[in-house]
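Chain by chain, the residues:
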Amino acid sequence: MIDLIQTYWVYFLIGQYPQGPLGGVVLTVLLAALALLLAMPIGLALGLARVSPVAALRRPVTVLVYLVRGIPLLLMVFWIYFYLPTVTGHKTDQFTTMLVALVVFDGVYLAEIVRAGIQGVPKGQYEAARALGLSHARAMRRVILPQALRSMLPSLVNQFVSTIKATSLGYIIGLTEASFIASQINSQVLVHPTAVYLVLSLMYFLLCFCLSRFAFWLERRQARRDLPRPARSPGSPTASAASSA
Amino acid sequence: MPGLDLQLLLHGQYHDWLLAGLLVALKLGMLTIACALPLAIVIALMRLSPWWPLRWLGSAYVELIRNVPLVAHLLFWYFGAPELLPDAVKERLYAGSYEFVAAAIGLTLYGAAFMAENIRSGIRAIPAVQFEAARALGLGFLPAMRRVVLPQALRVTVPPLLSQAVIMWNDTSIATVIGVGEIMYQAARVESSAFRSPEAFGFASACYLAGSLALTAVAAWIHRRWPVRTL
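Procedures and definitions
Residues numbered from 1 in each chain as written. Chains lettered and ligands numbered in written order. Predicted model: local features only at pLDDT ≥ 70, side-chain atom pairs only at ≥ 80, totals over all residues. Helix = DSSP H or I, 4+ residues; strand = E, 2+ residues; numbered from the N terminus. Buried ≥ 20, exposed ≤ 12 C-beta atoms within 10 Å, placed from the backbone. Contact = placed C-beta atoms within 7 Å. Nonpolar A, V, L, I, M, F, W, Y, C, P; charged D, E, K, R; others polar. Expected span 1.5 Å × (residues − 1). Bend = angle between axes of the 7 residues up to and from the residue. Core = buried A, V, L, I, M, F, W, Y, C linked by C-beta atoms within 7 Å. Axes fitted to C-alpha atoms, helices over the stretch in contact; angles between N-to-C directions. Parallel < 35°, antiparallel > 145°, perpendicular 65-115°, else oblique. Left-handed = near helix turned anticlockwise from the far one by under 90°. pLDDT = per-residue confidence, 0-100.

Brief notes about the overall build of chain B
Here is step 1 of the chain: If you tally the helices and strands in chain B, you get 10 helices and zero strands.
Here is step 2 of the chain: When the elements of chain B are put in sequence order from the N terminus, they spell out α-α-α-α-α-α-α-α-α-α.
Here is step 3 of the chain: Along the first, second and third principal axes, the C-alpha atoms of chain B reach 70 × 50 × 25 Å.

A word on the overall build of chain A
Here is step 1 of the chain: In terms of regular secondary structure, chain A is built from 11 helices and zero strands.
Here is step 2 of the chain: Along chain A, helices and strands appear, N-terminal first, in the series α-α-α-α-α-α-α-α-α-α-α.
Here is step 3 of the chain: Seen through its principal axes, chain A has C-alpha atoms that stretch 70 × 45 × 30 Å.
Here is step 4 of the chain: Here chain A holds 245 residues, and the buried ones make up 40% of them.

So, the interface of chain B and chain A
Here is step 1 of the chain: Residue-level contacts link 33 residues of chain B with 30 residues of chain A.
Here is step 2 of the chain: Residue assignment for the side of chain B that touches chain A shows that the elements contributing at least two residues are helix 3 (52-66), helix 4 (70-80), helix 8 (141-171), helix 9 (183-194) and helix 10 (197-225) of chain B.
Here is step 3 of the chain: Sorting elements by how many residues they give to the side of chain B that touches chain A places helix 10 of chain B first, with nine residues.
Here is step 4 of the chain: Partitioning the side of chain B that touches chain A into residue classes produces 21 nonpolar, eight polar and four charged.

A look at unusual backbone geometry
In most cases, non-glycine residues show a negative phi, while peptide bonds are predominantly trans.
Here is step 1 of the chain: Between Tyr17(A) and Pro18(A) the backbone carries a cis peptide bond, its omega angle lying at 0°.
Here is step 2 of the chain: On the secondary structure map, Pro18(A) appears in the loop between helix 1 (2-14) and helix 2 (24-50).
Here is step 3 of the chain: Residue Phe195(B) is not a glycine yet carries a positive backbone phi of 55°.
Here is step 4 of the chain: Residue position: Phe195(B) is located in the loop between helix 9 and helix 10.

Comments concerning helix 10 (residues 193-225) of chain A
Here is step 1 of the chain: The terminal C-alpha atoms of helix 10 of chain A lie 48 Å apart, and with 33 residues this matches the ideal 48 Å at 1.5 Å per residue to within 8%.
Here is step 2 of the chain: Looking only at helix 10 of chain A, the buried set comprises Pro193(A), Val196(A), Tyr197(A), Leu200(A), Ser201(A), Met203(A), Tyr204(A), Leu207(A) and Cys208(A).
Here is step 3 of the chain: In this structure, the buried residues of helix 10 of chain A make contact with helix 1, helix 2, helix 8 (153-166) and helix 9 (178-189) of chain A together with helix 4 of chain B.

Considerations on helix 1 of chain A
Residues and elements named next belong to chain A.
Here is step 1 of the chain: Spanning 13 residues, helix 1 covers 19 Å between terminal C-alpha atoms, matching the ideal 18 Å at 1.5 Å per step.
Here is step 2 of the chain: The largest bend along helix 1 reaches roughly 60° and is located at Tyr8.
Here is step 3 of the chain: Phi turns positive, to about 70°, at Gly15, one or two residues after helix 1.

Remarks on the environment of Val148(B)
Residues and elements named next belong to chain B.
Here is step 1 of the chain: Turning to its location among the elements, Val148 is positioned in helix 8.
Here is step 2 of the chain: Note on Val148: 18 C-beta atoms within 10 Å, which makes it partly exposed.
Here is step 3 of the chain: Expressed as a C-alpha distance, the spacing of Val148 and Ser173, which sit 25 residues apart in the sequence, is 38 Å.

Some thoughts on the environment of Arg69(A)
All names here are of chain A.
Here is step 1 of the chain: Following the sequence through the fold, Arg69 ends up in helix 3 (residues 55-70).
Here is step 2 of the chain: Note on Arg69: 19 C-beta atoms within 10 Å, which makes it partly exposed.
Here is step 3 of the chain: Taking the C-alpha atoms as reference points, Arg69 and Val108, 39 residues apart in sequence, are found 8.1 Å from one another.

Describing the nonpolar core
Here is step 1 of the chain: Among the nonpolar cores identified, the biggest contains 125 residues, and Val77(A), Leu74(B), Ala187(B) and Ala204(B) are the most heavily contacted of them.
Here is step 2 of the chain: Here the element with the most residues in this core is helix 5 (residues 94-120) of chain A; it accounts for 14 residues.
Here is step 3 of the chain: Not counting residues up to four positions away in its chain, the partners in contact with Ala204(B) are Leu75(A), Ile183(B), Met184(B) and Ala187(B).

Some remarks on the packing of helix 4 of chain B against helix 6 (residues 98-125) of chain B
Residue and element names in this part refer to chain B.
Here is step 1 of the chain: Contact geometry for helix 4 and helix 6: axes closest at 9 Å, N-to-C directions at 135°. Comparing their axes, helix 6 and helix 4 come out oblique. The hand of the helix 4/helix 6 crossing is right-handed. Contacts between helix 4 and helix 6 involve Leu70, His73, Leu74, Trp77 and Tyr78 from the former and Glu99, Ala102, Ala103, Ile105, Gly106, Leu109 and Tyr110 from the latter.
Here is step 2 of the chain: Class assignment for the residues of the contact of helix 4 with helix 6 results in nine nonpolar, two polar and one charged.

So, the environment of Leu75(B)
Here is step 1 of the chain: With respect to the secondary-structure elements, Leu75(B) resides in helix 4.
Here is step 2 of the chain: With 27 C-beta atoms counted inside 10 Å, the residue Leu75(B) sits in the buried group.
Here is step 3 of the chain: Sequence spacing of Leu75(B) and Gly106(B) is 31 residues, and the spatial spacing of their C-alpha atoms is 9.0 Å.
Here is step 4 of the chain: Excluding anything up to four places from it in sequence, Leu75(B) contacts Ser179(A), Ser183(A), Tyr197(A), Gly80(B) and Val177(B).

Considerations on the confidence of the model for chain A
Residue and element names in this part refer to chain A.
Here is step 1 of the chain: Of all residues in chain A, 92% have pLDDT values of 70 or greater, and the mean over the chain is 89.
Here is step 2 of the chain: At the low end of the mean pLDDT range in chain A sits helix 11 (residues 237-244), at 41; at the high end sits helix 2, at 96.
Here is step 3 of the chain: Segment residues 234-245: pLDDT under 50, and 21 contacts once partners within four positions in sequence are set aside and those in other chains are kept.

Things to note about the confidence of the model for chain B
Detailed reading of the predicted coordinates is not advisable wherever pLDDT is low.
Here is step 1 of the chain: For chain B, per-residue confidence averages 91 on the pLDDT scale, and 98% of positions sit at 70 or higher.
Here is step 2 of the chain: Across chain B, element-level confidence peaks in helix 3 of chain B with a mean pLDDT of 96 and bottoms out in helix 1 (residues 7-10) of chain B with 78.

Below is the structure:
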């Protein structure tokens, strides 16, 4: 196993770069980060639409959320990879395919995180802002969102973990991310499949475990900071209802 | 965009492929959900155990499984794990339909880690005094759990468990990575031999959506029928 790592670690980390396309672990992390970053404005817009008083905004977004969560991400990848080119007329490459699929996936999940964050802010805050004469939009922007966005930070880190895990679907369409590179290494070495796939799993584990611990730490720090106020867990309306009872 | 050729879905070879894929996916989905649930209960109880080695083992399982993507799990169970077995057994495995077994193992272990967390937080939602009162009345750890805590926790855990079931149903699609002939695999096969992606992927979308929405509807019904009781 040590031999294996010594021979292949650069290939596993960056793929064939700089001779060929960037790949491996670096591509995995880059793809996940880029997808989450691009999905943020989409998630914010969709989340605001989800809690909008205007039904014409709320309903289509609700349908979209159910649709995207009702089908596997892999199916979305296939639609984009195989079907989209027949509409646009030119081939979508693997990286773009995965990026688009992940942005849609993250956008929808972030929308739910934003919605939970907004609903986690005590209702009195919104009512007070409206009573002071702020419009819905201004009340959201000046009063609700600054509080909601802060409480969303741990969920955002957890979503990053989900995104990193989801990039592994790129393997199926031949994107040279970490899982694909590991399979390439496996077919070169042939005799150590257990070790190769254990190292791959270990890499994902280290990456995702550290990030989820970080999210957990953020959550605890926020809970501690929120202590003087009535205790509530971010994003759970039942918890805040119970504590106010 | 050319019109949809529904004839392709209604009869003929492609119809047979897609239907066979649906059956394999249903089999895989139901099998993994049915196996993951008891495993998840055991792990959740381990994580709540008064004895620390069991607690530690339970959280090690959950963290190790949850932080690795399902694709890596399946690749490991299909390509990696059989290497540890004797050659003769290995050959017999790959000669049969080992991909289905590997997918079932991977999906069950993966789903169980998430279900265990749902069950654990459901149990923790039940006030500790319930458990303490049961123990004070002379019930042991397991009887107190079974007779007092779990029946109450069940109402809290069923909705998240059903959303986990939706995720597991959708996750069966990933079994295509190791060549299990489920819906995605067959849809891709139809796409590549007939060049009819809208029909093939439309069929797959309808199957997954139907399963997900049905489970979501059941969850909503259960939530109304047996609402969560709080003290």
